[in-house]
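# An overview of the molecular structure
So you can see what is in the structure, the chains are spelled out below.
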Amino acid sequence: MSALSEGLTQILIPLASLVGIGFAVLQWFLVSRVKLSSQDSSNGYKQKLIESDEEEEGINNLEISIKCTEIQHAISVGATSFLFTEYKYLGIFMCVFGAIIFLFLGSVKGFSTKSEPCTYSQGNTCKPALANAIFSTIAFLLGALTSVLSGYLGMKIATYANARTTLEARKGVGKAFITAFRSGAVMGFLLAANGLLVLYVSINLFKLYYGDDWEGLYESITGYGLGGSSMALFGRVGGGIYTKAADVGADLVGKVERNIPEDDPRNPAVIADNVGDNVGDIAGMGSDLFGSYAESSCAALFVASISSFGISHEFTAMSYPLLISSMGIVVCLITTLFATDLFEIKKVSDIEPSLKRQLLISTVLMTAGIAVVSFFALPSEFTLFNFGTEKEVKNWHLFFCVAIGLWAGLIIGYTTEYYTSNAYSPVQDVADACRTGAATNVIFGLALGYKSVIIPIFAIAIAIYVSFSLAAMYGIAVAALGMLSTIATGLAIDAYGPISDNAGGIAEMAGMSHKIRERTDALDAAGNTTAAIGKGFAIGSAALVSLALFGAYVSRAGIKTVDVLTPKAFIGLIIGAMLPYWFSAMTMKSVGSAALKMVEEVRRQFNTIPGLMEGRVKPDYANCVKISTDASLREMIPPGALVMLTPLIVGTLFGVETLAGVLAGALVSGVQVAISASNTGGAWDNAKKYIEAGVSEHAKSLGPKGSECHKAAVIGDTIGDPLKDTSGPSLNILIKLMAVESLVFAPFFAAHGGFLFKFI
């Protein structure tokens with residue numbers, strides 16, 4: 001028996017969620033103290049940002065504040081408008097796919113309402129297949145709505161904080177850093193706490209019907225992970241296409257052709273670019289990491305439900321994944337105080353070490369937290385399901401499983417930082433390659449991306465070996481959860497980047513001094529690296545989550561072994577390995593075609609609007625926003641359909657063994673492509689910023705802005721944009737979404753799949 005009682009477990013999990021929500025509200029309140037005062041203005045927008053205490057020389061603070069407000073308002077309106085339009089499409093998808101789940105799972109036993117023998121708990125009866133169909137559909141809709149809410153809240157917080165970060169930069173880089181980081185923490189804690197609370201409430205509500213049938217209960221809960229990840233896929237792809245179409249268009253015409261700064265207000269694509277940071281890097285990323293959290297929790301819960309925890313109805317031990325997440329919220333709360341209250345940022349060089357320190361502090365504290373949870377929540381000895389056999393496990397085994405996932409995440413984070421930060425030689429070498437033009441820059445960047453895969457893959461491989469050896473597939477599932485246990489801190493660090501990027505854009509557009517722009521550039525450069533770290537975490541956890549879901553799928557589909565030497569499995573393996581390339585081709589081409597239209601529109605405005613280049617008239621920002629919106633909504637459908645339909649088609653036509661091969665191939669191939677794409681793009685971006693900042697003698701020798709070397713770096717950055725912000729981050733959703741979808745539909749595939757082979 002567990003040392004922790006069921007009653008106390010039922011209190012601690014929602015309490016941790018409410019603490020997380022409360023802390024997020026507190027951080028939001030502190031950010032809002034960069035006060036808004038009511039004052040009518042000509043455009044009808046009644047809010048004005050109050051100036052800072054320290055005046056900028058020669059600049060009217062009131063005028064600057066009003067400009068910042070107008071720009072912030074334009075970005076917020078653009079981002080909100082896009083998300084509402086995107087969510088209309090996704091609302092239709094949710095209803096259609098929810099109906100598909102119900103029809104497929106309900107048809108397994110011909111929509112029978114009779115109870116049936118349990119699959120794993122021998123001698124007991126379980127609820128009918130129709131109940132699984134209904135509750136899986138409800139869980140899917142709950143996961144989808146929570147994912148959408150996560151993305152939307154993140155976007156609103158980011159657009160609320162960007163101009164405030166800009167104005168705080170006038171008081172010093174430390175004040176601006178705290179505002180940006182606290183804003184990121186609001187998103188991080190809201191997402192982690194909401195995800196945990198909705199999952200906890202769903203389990204308890206479902207239990208009212210299922211009663212002692214925990215096998216059926218936790219099988220239906222897997223729909224929660226499917227809903228979260230399906231929304232994340234469209235959010236990542238749609239947002240990624242939006243932001244990169246605008247970014248590429250703004251860079252190619254503005255920087256390369258017209259030789260004007262990145263966020264110059266004369267550039268017609270500049271508002272669309274800043275809107276894109278919020279809908280892609282904030283809303284899309286929030287949905288993505290929520291999907292990873294939901295799937296890792298669902299995978300662990302399902303595997304536990306068919307083990308001794310589920311069969312003997314030990315609620316506290318069963319809730320071990322939720323207790324780990326609860327401890328993570330408390331640990332991340334303490335960790336955040338180190339960045340905002342206990343250590344002060346006094347100079348630019350303190351920013352990146354402070355963010356790296358967040359990762360280390362949260363990992364060390366969480367290791368202790370895992371030990372506490374493992375000792376109190378788990379019996380000293382128990383058995384776990386291991387592909388038809390029982391595996392004897394001790395509670396300290398699970399401590400090592402979660403801990404190794406956690407520390408593997410830190411290794412992936414630090415490796416990503418090494419390969420994407422311009423403080424180290426890999427990115428500096430890429431910048432140096434710009435001396436001889438864009439071609440050598442591209443060659444060095446690609447080589448860096450491929451090389452950056454090595455250490456993360458070894459870290460993932462060791463985590464898989466140790467966790468599987470200790471606790472079978474449940475060990476891998478909780479290792480993935482360990483990697484995501486500090487998700488609140490990870491999200492705070494990740495969201496900090498786009499907020500800082502927007503702050504720099506607003507400073508440029510509002511005409512603030514070079515000194516302020518230098519501060520926001522420093523915040524942004526650190527944010528680029530932390531965004532890459534966030535993507536590394538997402539990809540690493542996706543690999544572990546996908547493997548755990550793969551194991552759960554194999555168990556649920558009744559497959560004894562997956563033999564790659566059989567034709568059915570091998571053709572699936574090779575097709576699955578191809579899918580990440582097909583998906584990347586679709587998303588890259590989507591960005592390319594949308595960017596082409598953007599480039600043509602920006603050129604048209606520069607060529608046909610008199611006085612635009614001289615700054616006498618404003619460009620038509622709205623038309624560029626419309627181009628990005630239309631392109632992203634249209635282009636996100638084919639890649640999304642590829643991912644969502646593949647498991648359904650393969651499982652139905654070719655059967656469970658071929659689908660197992662597809663999942664294995666997509667996992668192995670997708671992780672490599674995703675890491676290299678994300679790191680290559682991040683390295684090219686920071687190589688460009690290294691040249692622009694000119695903080696060292698080496699960097700100064702490559703610059704300044706507008707030089708041939710800088711133009712070569714901009715071209716590399718432009719190529720890397722869709723790699724790091726569209727294709728790379730979306731691939732981790734591909735591998736885990738196909739796995740969780742296969743698990744949800746496994747009963748149907750096992751009963752009716754593979755009919756094509758019956759005719760061959």
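In the nomenclature of an unreviewed UniProt entry, the protein chain is known as H(+)-exporting diphosphatase of Gossypium anomalum. The record held by UniProt for the protein chain lists under Subcellular location (unreviewed entry) the comment "Endomembrane system".

### Some words on the overall build of the protein chain
The helix and strand tally for the protein chain stands at 23 helices and 6 strands. Its C-alpha atoms give the protein chain a radius of gyration of 25 Å, near enough to 27 Å, the size a compact globule of 760 residues would have. Taken along the three principal axes of its C-alpha coordinates, the protein chain extends 85 × 55 × 50 Å. Counting only residues that meet the buried cut, the protein chain has 65% of its 760 residues in that class. Put simply, of all contacts in the protein chain between residues at least 6 apart along the chain, 83% involve residues at least 24 apart. Roughly 26000 Å² of accessible area belongs to the protein chain as shown, and the carbon and sulfur atoms make up 66% of that amount. Between the centroid of the 52 positive side chains of the protein chain and the centroid of its 61 negative side chains there is a distance of 2 Å.

### Brief notes about the pattern of salt bridges
Considering all chains together, one arrives at 26 salt bridges under this definition. Here Glu219 ties to Arg556 by a salt bridge, and the two come within 2.7 Å at their closest N and O atoms. Of this pair, Glu219 sits in helix α5 (residues 214-257) while Arg556 sits in helix α16 (residues 514-556), and the two are 337 residues apart along the sequence. Of the two residues, Glu219 and Arg556, neither departs from the other in class, the shared state being buried. In this structure, a network of salt bridges that share partners links the residues Lys244, Asp247, Asp685, Lys688, Lys689, Asp717, Asp721, Lys724 and Asp725.

### Quick word on the nonpolar core
Residues Phe177, Tyr320, Ile351, Tyr474 and Tyr553 are the most contacted members of the largest nonpolar core, which totals 227 residues. Looking at which element gives the most residues to this core, the answer is helix α4 (residues 173-210), with 20 residues. Not counting the four nearest positions on each side in its chain, Tyr474 is found in contact with Ala300, Val303, Ala304, Phe309, Ala317, Tyr320, Pro321, Leu384 and Leu398.

### Notes on the pairing of strand β6 (residues 389-394)
One ladder, built from 6 bridges, connects strand β5 (residues 381-386) with β6; its direction is antiparallel. Within β6, the residue paired with Thr383 across the bridge is Glu392. Hairpin connection from β5 to β6: 2 residues lie between these consecutive antiparallel strands, with Phe387 at a positive phi of about 50 degrees.

### Some details on the environment of Arg164
Relative to the helices and strands, Arg164 is located in helix α3 (residues 129-168). Taking the C-alpha atoms as reference points, Arg164 and Asp685, separated by 521 residues in sequence, lie 25 Å from one another.

### Here we look at helix α20 (residues 656-693)
The α-helix winds at 3.6 residues per turn, so residues separated by three or four positions along the chain end up facing the same way. When the terminal C-alpha atoms of α20 are compared, their 54 Å separation across 38 residues agrees well with the 56 Å that a helix rising 1.5 Å per residue should span. Along α20, the largest kink reaches about 25 degrees and is centred on Gly670. With 33 of its 38 residues buried, α20 lies for the most part within the structure.

### A short note on a nonpolar patch on the surface
Taken together, the side chains of Val564, Leu565, Phe570, Ile571, Ile574, Ile575, Met578 and Trp582 make up a nonpolar region of the molecular surface, amounting to roughly 780 Å² of accessible area. Secondary-structure assignment places Val564 in the loop between α16 and α17 (567-608).

### Side note on unusual backbone geometry
We note that Phe111 has phi near 60 degrees; this positive angle belongs to a residue other than glycine. Considering the arrangement of structural elements, one finds Phe111 in the loop between α2 (61-106) and β3 (116-117). With a relative accessible area of 36%, Phe111 lands in the partly exposed category.

### Things to note about the packing of aromatic side chains
Evaluation of the coordinates by the stated rule reveals 30 aromatic pairs. Here Phe23 and Phe189 contribute two aromatic rings whose centre-to-centre distance is 4.8 Å and whose plane-to-plane angle is 70 degrees, an arrangement assigned as edge-to-face. Within this pair, whereas Phe23 is found in helix α1 (residues 6-32), its partner Phe189 is found in helix α4, the two being separated by 166 residues in sequence. For Phe189, a relative accessible area of 0% translates into the label buried. On the basis of an interplanar angle of 55 degrees and a centroid distance of 5.7 Å, the ring pair of Phe84 and Tyr152 is categorised as tilted. Residue Phe84 is found in helix α2, and its partner Tyr152 is found in helix α3; the two are separated by 68 residues along the sequence. By relative accessible area, Tyr152 is classed as partly exposed at 23%. Members of the aromatic cluster, each reached through a chain of ring pairs, are Phe93, Phe97, Phe104, Phe140, Phe234, Phe745, Phe748 and Phe749.

### Structural notes on the packing of helix α18 (residues 621-635) against helix α19 (residues 637-654)
Interhelical geometry of α18 versus α19 gives an angle of 20 degrees and a closest axis separation of 5 Å. With respect to each other, α18 and α19 are oriented roughly parallel. Where α18 abuts α19, its residues Leu633, Arg634 and Glu635 lie against Ile637, Pro638 and Pro639. Here the contact of α18 with α19 is built from residues that sort into 4 nonpolar, no polar and 2 charged.

### A few points about the environment of Glu390
One can find Glu390 in strand β6. Owing to a relative accessible area of 52%, Glu390 belongs among the exposed residues under this scheme. Along the chain, Glu390 and Thr336 lie 54 residues apart, while their C-alpha atoms are 41 Å from each other. Apart from residues lying up to four places away in sequence, Glu390 is in contact with Thr383 and Leu384.

### Quick word on the packing of α17 against α20
Relative orientation of the contacting elements α17 and α20 amounts to 40 degrees, with a least axis distance of 6 Å. Between α17 and α20, the interaxial angle falls into the category oblique. Taken as a pair, α17 and α20 cross one another with a handedness that is right-handed. Only Glu657, Thr658, Gly661, Val662, Ala664, Gly665, Ala666, Ser669, Gly670 and Val673 of α20 make contact with α17, whose side of the interface consists of Lys568, Ala569, Ile571, Gly572, Leu573, Gly576, Ala577, Leu579, Pro580, Tyr581 and Ser584. Taken together, the residues of the contact of α17 with α20 break down into 11 nonpolar, 8 polar and 2 charged.

Parameters at a glance
- Residues numbered from 1 in each chain as written.
- Predicted model: local features only at pLDDT ≥ 70, side-chain atom pairs only at ≥ 80, totals over all residues.
- Heavy atoms only, no water.
- UniProt positions renumbered as here; feature names shortened; annotations may be inferred.
- Helix = DSSP H or I, 4+ residues; strand = E, 2+ residues; numbered from the N terminus.
- Rg over C-alpha atoms; globule rule 2.2 N^0.38 Å.
- Buried < 20%, exposed > 50% of the residue type's maximum accessible area, 1.4 Å probe, protein only.
- Contact = heavy atoms within 4.5 Å.
- Areas by Shrake-Rupley, 256 points an atom, 1.4 Å probe, with all protein chains shown as cover.
- Lys, Arg positive; Asp, Glu negative; His and termini not counted.
- Charge placed at Lys NZ, Arg CZ, Asp CG, Glu CD.
- Salt bridge = Lys/Arg side-chain N within 4 Å of Asp/Glu carboxyl O.
- Core = buried A, V, L, I, M, F, W, Y, C linked by side-chain atoms within 4.5 Å.
- Pairing = 2+ DSSP bridges.
- Expected span 1.5 Å × (residues − 1).
- Bend = angle between axes of the 7 residues up to and from the residue.
- Patch = residues over 30% accessible without salt bridge, like charges linked within 9 Å, V, L, I, M, F, W, Y side chains within 5 Å.
- Phe/Tyr/Trp six-rings, centres within 6.5 Å; stacked < 30°, edge-to-face > 60°.
- Axes fitted to C-alpha atoms, helices over the stretch in contact; angles between N-to-C directions.
- Parallel < 35°, antiparallel > 145°, perpendicular 65-115°, else oblique.
- Nonpolar A, V, L, I, M, F, W, Y, C, P; charged D, E, K, R; others polar.
- Left-handed = near helix turned anticlockwise from the far one by under 90°.

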